[in-house]
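Architecture at a glance
Listed below, chain by chain, are the residues.
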Amino acid sequence: MQVKTFTGPDAKTVLARIKQEMGLEAVILSKHEGADDGGPWCEMTAGLERSATSVKKMSSGNGNGNGNGNGSGTPTGWNEWHREWSEIREHLLALMKPGIQLDELAPRQRVALEYLEREGVDNVVLLSLFRRLHKSPNLSVLVPLSEIVPLQPWGEEEWPQHCHALTGPFGAGKTSTLIRMAISLRSRRPDIRICIVNADCERGNGRLLLKHYAELSDITYLEAGDPVSFANMLRETRDYDKVLIDLPGLGRNDTFSTIADKLGLGTARDLAVHLVLTPSYAPAQLTAFMRQYVTDCPGSIIWTKLDEACTFGALVSLAASSGLPVSALSFGPGLKNTLIAARDVTIWRLLFKHQLPCDADPRNGM
Ligand SMILES: Nc1nc2c(ncn2[C@@H]2O[C@H](COP(=O)(O)OP(=O)(O)O)[C@@H](O)[C@H]2O)c(=O)[nH]1
Ligand SMILES: [Mg+2]
């Protein structure tokens, strides 16, 4: 279902806008009226079963590339096409690999590239690193690596969006990370108004944890499991500084658009979506998750369970394939001092020395 919120000075104007934009089949899901300094206002949330034009757009190949051809945002035959492309890509890489003449690099560069290969960094990335380093013997590998792994550290100013949703597979650490992110915001600025939203309402375990921490930290706790409660939540939290939303994991055949439609996420105008993943997943699994959870919103990757991983090449490979910045890293099952905003030094120590942020300095972490 496509859900959108409209505002205007009165009901008549708002209804006209809904009719113009969504057509006569739109259903009014909620209506609120009031008055403030600017005069009277009216806000309505309208819903529409997925429009014929958008379905047509997706099946003609304009989908966002996320998924499995099940009709929820991807063209038919996408999986088959993707499998074939993956095979072609592997063949091409096998042909190109002999072109990576490591002995043509400066010794330090060669050692670094051999190390990254052992860490599981994808061959495409190794090839592009090689091309950058080749014939620049003084260039440190960290220079092209920094270009491949963009960073946008978690923090209030660095992430100005009003709403931040956490998505990712079940058990990846979304709920724990959300609490850590809220704690870090609160500890930096005690006066900040934060709301934690549980949108994973069908499972009880996250609810208890979120509620408990919200109470302890003077944070508002709300639940939103459908478009109407989601629209109401957005209205209630308009004056808050940050709204952190805990999303459920996706079913096997679902894509992010499935959950976005189910909750009416489209009504959140200022939304960032952070994908929570752990480097212990196999490379093929990470690639599959990346396709399944892709969104059009601004966002990042948050890497969790670093303490359980034995290699960290995935941090580089996924940054290269997704183009998403890394925003935060978590490295322990507890909730305190186990999350750190992503900085280049931290990432390189992790990658090249297997040093967790808490190893470098136990006071690290938010
Ligand atoms: N070792 C370790 N465990 C973690 C980390 N983050 C979360 N966990 C644990 O992973 C489990 C699942 O976390 P949870 O936040 O409920 O995941 P969700 O299903 O994605 O919301 C819990 O037992 C957490 O304590 C981490 O960074 N390291
Ligand atoms: Mg959870």
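Here is what the cut-offs are and how they apply
Residues numbered from 1 in each chain as written. Chains lettered and ligands numbered in written order. Predicted model: local features only at pLDDT ≥ 70, side-chain atom pairs only at ≥ 80, totals over all residues. Heavy atoms only, no water. Pairing = 2+ DSSP bridges. Helix = DSSP H or I, 4+ residues; strand = E, 2+ residues; numbered from the N terminus. Axes fitted to C-alpha atoms, helices over the stretch in contact; angles between N-to-C directions. Contact = heavy atoms within 4.5 Å. Near = heavy atom within 4 Å. Polar contact = N/O pair within 3.5 Å; in protein donor to acceptor, adjacent residues only side chain to side chain. Areas by Shrake-Rupley, 256 points an atom, 1.4 Å probe, with all protein chains shown as cover. Nonpolar A, V, L, I, M, F, W, Y, C, P; charged D, E, K, R; others polar.

The name an unreviewed UniProt entry assigns to the protein is Flagellar biosynthesis protein FlhF, from the organism Desulfovibrio subterraneus.

What follows concerns the sheet that holds strand β9 (residues 299-303). One open sheet holds the eight strands; their spatial order is β6-β5-β7-β4-β8-β9-β10-β11, and the pairing between them is mixed. Each edge of the sheet is formed by a strand with only one pairing partner; in this case those strands are β6 (220-223) and β11 (339-341). The mean angle between the axes of side-by-side strands here comes to 25°, regardless of whether they run parallel or antiparallel. Summarising the sheet, strand β8 (residues 271-277) and β9 pair through five bridges and their orientation is parallel. Counterpart to Leu-277 in the pairing with β9 is Trp-303. Of the strands in this sheet, β4 (163-167), β5 (194-198), β7 (242-246), β8, β9, β10 (326-330) and β11 touch helix α7 (residues 174-188), which is tilted by about 165° from β7.

A word on the site of ligand 1. Contacts to ligand 1 come from 17 residues, most closely from Gly-171, Lys-174, Ser-176, Asp-307 and Ser-330. In this structure, Ser-330 approaches ligand 1 through a side-chain N or O atom, which is 2.6 Å from an oxygen atom. Pro-333 has a polar backbone atom sitting 3.3 Å from an oxygen atom of ligand 1. Protein contacts shield 78% of the accessible area of ligand 1, which totals 580 Å² for the unbound molecule. The element best represented in the shell around ligand 1 is α7, accounting for four residues. The residue inventory of the shell around ligand 1, partitioned by class, reads five nonpolar, six polar and six charged.

With antiparallel pairing, the three strands of this open sheet are ordered in space as β1-β3-β2. Two strands close off the open sheet at either side, each with one partner strand: β1 (2-8) and β2 (27-36). Looking at each pair of strands side by side, their axes are set apart by 15° on average, direction ignored. Judged from the seven bridges that link them, β1 and strand β3 (residues 39-48) form a sheet pairing that is antiparallel. Bridge assignment links Phe-6 to a residue of β3, and that residue is Met-44. Those strands touched by helix α9 (residues 227-236) are β1, β2 and β3, and its axis lies near 15° from that of β2.

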